[in-house]
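The chain contents come next:
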Amino acid sequence: MKNPLSKTWILLFLVGLMSQTPLAWSAKETQLLDRVVAVVNDDIILKSDVEKGMVKAMREMRSRNIQLNDKDELAEKVLDGLILERIQLQRSEQLGLKISDDELFQQVLAIAKQNKITAAQLRDELNRTEPNGFENFREGIRQELLFQKLRDTEVLSKTQVTESEITNFIQRQSLMQNYSEFRLSHIMISLPKSATQAERKASRKKAEDLLNRLKRGENFSQLAVRYSEGQNALQGGDLGWLKADQLPTFFMNEVEDMQVGDISPIVRSAIGFHIIQLKDKRDKDTKLVKQYHLYRFILLSDNAMQRQKPTPTLVKLAQGINSLEKFKALSEKYKDMPSSVNANSHLGWKTLAEMPKDYLKAIDGLAPKQAAMPFANEQGWVILYLDGIRDKDLGIVNKRQQAMQTLRMKKATESYAGWLRRMKDEAIIDIRLKNTDIFKSPTVH
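> Give a detailed account of the pattern of salt bridges, specifying residues and quantitative values.
Summed over all chains, the structure comprises 27 salt bridges. A salt bridge links R142 to E139; its shortest N-O distance comes to 3.4 Å. Remark: E139 and R142 occur in helix α7 (residues 133-154); sequence separation between them is three residues, near one turn of the helix. Residues E208 and R204 are paired through a salt bridge, measuring 3.2 Å at the closest nitrogen-oxygen approach. Of this pair, E208 and R204 are both found in helix α9 (residues 197-215), four residues apart, which corresponds to roughly one turn of the helix.

> Describe the packing of helix α5 (residues 101-114) against α7, and please don't skip the residues or the numbers.
One can describe the packing of α5 onto α7 by two numbers: an axis separation of 10 Å at closest approach and a directional angle of 110 degrees. Judged by the inter-axis angle, α5 sits roughly perpendicular to α7. Here D101, E103, L104, Q107, V108 and I111 of α5 lie close against α7, whose contacting residues are F134, F137, R138, I141, R142, L145 and K149. Of the residues belonging to the contact of α5 with α7, the class tally is seven nonpolar, one polar and five charged.

> Which residues make up the sheet that holds strand β13 (residues 429-431), and what values do they have?
What the three strands build is an open sheet, ordered β3-β2-β13; its pairing is antiparallel. The open sheet terminates on both sides in strands that have one partner only, identified here as β3 (43-46) and β13. Adjacent strand axes in the sheet meet at a mean angle of 20 degrees, parallel and antiparallel pairs treated alike. Pairing analysis gives four bridges linking strand β2 (residues 36-40) to β3, with the strands arranged antiparallel. From the neighbouring strand, V40 faces β3, where its bridge partner is D43. Relative to the sheet, helix α3 (residues 47-63) contacts β2 and β3, its axis offset from that of β3 by approximately 55 degrees.

> Lay out helix α10 (residues 220-227) with the relevant residues and their values.
Burial within α10 is extensive, with six of its eight residues counted as buried. With a side-chain oxygen positioned 2.9 Å from the backbone nitrogen of S221, the residue opening α10 is N219.

> Outline the confidence of the model for the chain, supporting the account with residue identities and numerical values.
When the pLDDT values of the chain are averaged, the result is 82; 84% of them are 70 or greater. Put simply, strand β1 (residues 23-24) is where the chain has its lowest mean pLDDT, 37, and strand β10 (residues 370-371) is where it has its highest, 95. Every residue in residues 1-32 scores below 50 in pLDDT, and together they form 62 contacts with partners more than four places removed in sequence or on other chains. Counted against residues more than four places away or in other chains, residues 441-445, with its pLDDT under 50, gives 22 contacts.

> Can you explain the environment of L79? Please cite residues and give values.
Considering the arrangement of structural elements, one finds L79 in helix α4 (residues 71-95). Residue class for L79 comes out buried when judged on its relative accessible area of 3%. In this structure, the C-alpha to C-alpha distance between L79 and D49, residues 30 residues apart in sequence, is 8.6 Å.

> Which residues make up the side chain of Q88, and what values go with them?
Positionally, Q88 belongs in helix α4. The contact partners of Q88, leaving out residues within four places of it in the chain, are F147, L150, Y416 and L420.

> Outline the packing of aromatic side chains, supporting the account with residue identities and numerical values.
Enumeration over the complete set of coordinates arrives at six aromatic pairs. Here the aromatic rings of F297 and Y334 are separated by 6.1 Å at their centres, their planes lie at 40 degrees, and the arrangement is tilted. On the criterion of sequence distance, the pair formed by F297 in strand β8 (residues 288-300) and Y334 in the loop between α15 (330-333) and β9 (346-351) is long-range, its members being 37 residues apart. Here Y334 falls in the partly exposed class, since its relative accessible area comes to 22%. Both rings, one in F327 and one in Y385, keep their centres 5.5 Å apart while their planes meet at 25 degrees; by these two values the pair is stacked. Highlighted residues: F327 in helix α14 (residues 324-328) and Y385 in strand β12 (residues 380-393), separated in sequence by 58 residues. Three or more aromatic residues joined by ring pairs form one cluster here, namely Y295, F327 and Y385. One residue, R390, lies across the ring of W349, its end atom 4.0 Å from the ring centre.

Definitions and cut-offs
- Residues numbered from 1 in each chain as written.
- Predicted model: local features only at pLDDT ≥ 70, side-chain atom pairs only at ≥ 80, totals over all residues.
- Heavy atoms only, no water.
- Salt bridge = Lys/Arg side-chain N within 4 Å of Asp/Glu carboxyl O.
- Helix = DSSP H or I, 4+ residues; strand = E, 2+ residues; numbered from the N terminus.
- Axes fitted to C-alpha atoms, helices over the stretch in contact; angles between N-to-C directions.
- Parallel < 35°, antiparallel > 145°, perpendicular 65-115°, else oblique.
- Contact = heavy atoms within 4.5 Å.
- Nonpolar A, V, L, I, M, F, W, Y, C, P; charged D, E, K, R; others polar.
- Pairing = 2+ DSSP bridges.
- Buried < 20%, exposed > 50% of the residue type's maximum accessible area, 1.4 Å probe, protein only.
- Polar contact = N/O pair within 3.5 Å; in protein donor to acceptor, adjacent residues only side chain to side chain.
- pLDDT = per-residue confidence, 0-100.
- Phe/Tyr/Trp six-rings, centres within 6.5 Å; stacked < 30°, edge-to-face > 60°.
- Lys NZ or Arg CZ within 6 Å of the ring centre and 35° of its normal.

The structure is reproduced here in structure tokens:
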């Protein structure tokens with residue numbers, strides 16, 4: 001999947017590393033031994049793991065101007081994220097999933113290129129901002145790639161779409177200005193597995209209370225950090241920039257009619273209740289390229305390359321071709337040619353970048369419904385016929401194939417959160433975070 005790690009994610013990582021504030025511990029805190037705060041199946045999470053996660057979260061929230069005074073709430077959210085990480089790592093190990101050094105290296109190169117620096121410059125910058133910064137960064141990338149591979153294995157590979165879904169999706173995209181991109185923030189109140197009616201009502205009530213607070217003017221990011229159970233909660237619910245075809249299905253109806261700054265009503269899905277805010281929207285650049293619809297006919301000749309220039313007879317033949325029917329008539333005119341020579345005479349739509357140099361020269365200045373002057377190659381004389389010229393947006397080539405891939409990815413993205421919560425429900429988890437004196441909140445100055 002193209003670059004799976006967004007530029008926004010990378011920039012936020014850099015912001016976190018560049019925060020100039022190391023942890024400040026009190027003398028009493030430094031004397032405390034590291035302790036186990038949670039057990040996830042056979043794995044443990046230490047107090048120091050949570051503390052590191054809190055520092056990273058607080059730095060990121062500060063970069064977004066999000067304030068959170070309740071450190072205990074933050075510790076619980078960080079711990080929940082670490083538990084989900086452990087569950088995914090354990091499942092990846094069970095399935096034998098790994099990220100090779102070459103895969104990791106290629107991803108780092110892509111990230112450096114995206115940020116318009118070399119891999120060496122990226123390494124040096126990260127190491128300047130934090131000891132072992134580049135190594136920490138690489139391992140973070142490795143984990144992101146591993147989790148993407150886990151999602152593809154556990155969810156995407158089992159996700160199917162119907163022909164009618166593809167057709168409806170294409171029609172919907174044509175109505176929804178599929179050239180637009182949206183930046184969304186998200187609050188999710190999740191539903192427990194096999195939720196009872198009382199649990200559903202309680203989750204709905206919590207979502208309604210949050211929506212009312214938002215309508216009264218409370219900050220969306222602040223509430224997302226405190227109350228959202230989505231994976232982006234500690235980023236203020238920020239989902240980043242999404243193209244229209246990347247929006248979760250249950251968001252699409254709302255986003256269509258929203259203006260920048262609008263907050264949606266409560267949206268119900270299989271995994272819970274959602275509130276979204278449209279932070280911004282923009283038009284993405286279309287990638288229009290000129291394409292040429294070509295046919296080719298080859299007249300075998302042993303001395304074409306030596307002669308270089310076609311005979312007057314061949315020139316007159318090409319000049320007389322002004323329709324596809326006349327071009328196809330060449331097959332009848334030269335029946336003695338082996339059928340295999342011109343078996344693939346229809347070349348289809350080609351961009352200039354996809355053509356050999358001799359083709360480019362032949363069609364230069366040629367109008368549609370004309371044949372180019374014959375030119376020589378190793379087989380003989382080549383006659384190209386230009387049936388048409390069009391401007392094509394490469395972003396929507398092979399619509400049905402792309403629609404199928406997009407729908408599978410959307411369904412998988414929507415299902416993954418539910419799959420992860422089910423894995424958490426099935427795991428053996430012992431949380432000791434609130435035991436007396438087991439945890440002291442770190443501070444960032």
